[in-house]
Amino acid sequence: MLLLTCPCCGVAGEETEFHPGGEAHIRRAGPESTDDGFSAYMFQRRNIRGVHFERWRHAYGCGKWFHTARCTQTLEIFGSYSAQTTEPPAEIIAAIRARRPEWEMPA
């Protein structure tokens, strides 16, 4: 079971208190995008093995969305941060690199 901490209200709880929202930091397709571009935005997601950035909602708490960095192999949580952040904070990246020195930030 995952133990997540909401960065908005500071409450820590089991994953059943939260609702997953898929991959974080996805570039949204605008009105000028092609059909192929919009299709890629809607349906193409990374399904990586290793460190992954995800969106979560504190469903039984404050109700706010946030991002979490976790390893899909070990379920290790590296940290959580606000959903309004456009890229992972430096302290999250440092925590990942401390445990996974070979890790590279996805493009």
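Check the entry above for the structure.
We now turn to the structure provided with this report.

Rules used in this analysis
Residues numbered from 1 in each chain as written. Predicted model: local features only at pLDDT ≥ 70, side-chain atom pairs only at ≥ 80, totals over all residues. Heavy atoms only, no water. Helix = DSSP H or I, 4+ residues; strand = E, 2+ residues; numbered from the N terminus. Buried < 20%, exposed > 50% of the residue type's maximum accessible area, 1.4 Å probe, protein only. Contact = heavy atoms within 4.5 Å. Areas by Shrake-Rupley, 256 points an atom, 1.4 Å probe, with all protein chains shown as cover. Lys, Arg positive; Asp, Glu negative; His and termini not counted. Charge placed at Lys NZ, Arg CZ, Asp CG, Glu CD.

Comments concerning the overall build of the chain
Then, number 1: Along the chain, the regular secondary structure elements total two helices and six strands.
Then, number 2: Each principal axis of the C-alpha atoms in the chain carries an extent, and together these give about 40 × 35 × 25 Å.
Then, number 3: Across the 107 residues of the chain, 30% fall into the buried class.
Then, number 4: Taking the intrachain contacts of the chain between residues at least 6 apart in sequence as the baseline, contacts between residues at least 24 apart amount to 46%.
Then, number 5: Accessible area for the chain stands at about 7000 Å²; split by element, carbon and sulfur atoms hold 50% of it.
Then, number 6: Mean positive and mean negative side-chain charge positions of the chain (12 and 13 charges, respectively) differ by 1 Å.

Comments concerning the environment of Arg-27
Then, number 1: By secondary structure assignment, the location of Arg-27 is in the loop between strand S3 (19–23) and helix H1 (35–43).
Then, number 2: Its relative accessible area of 79% is what places Arg-27 among the exposed residues.
Then, number 3: Sequence separation between Arg-27 and Tyr-41 is 14 residues; the distance between their C-alpha atoms is 7.5 Å.

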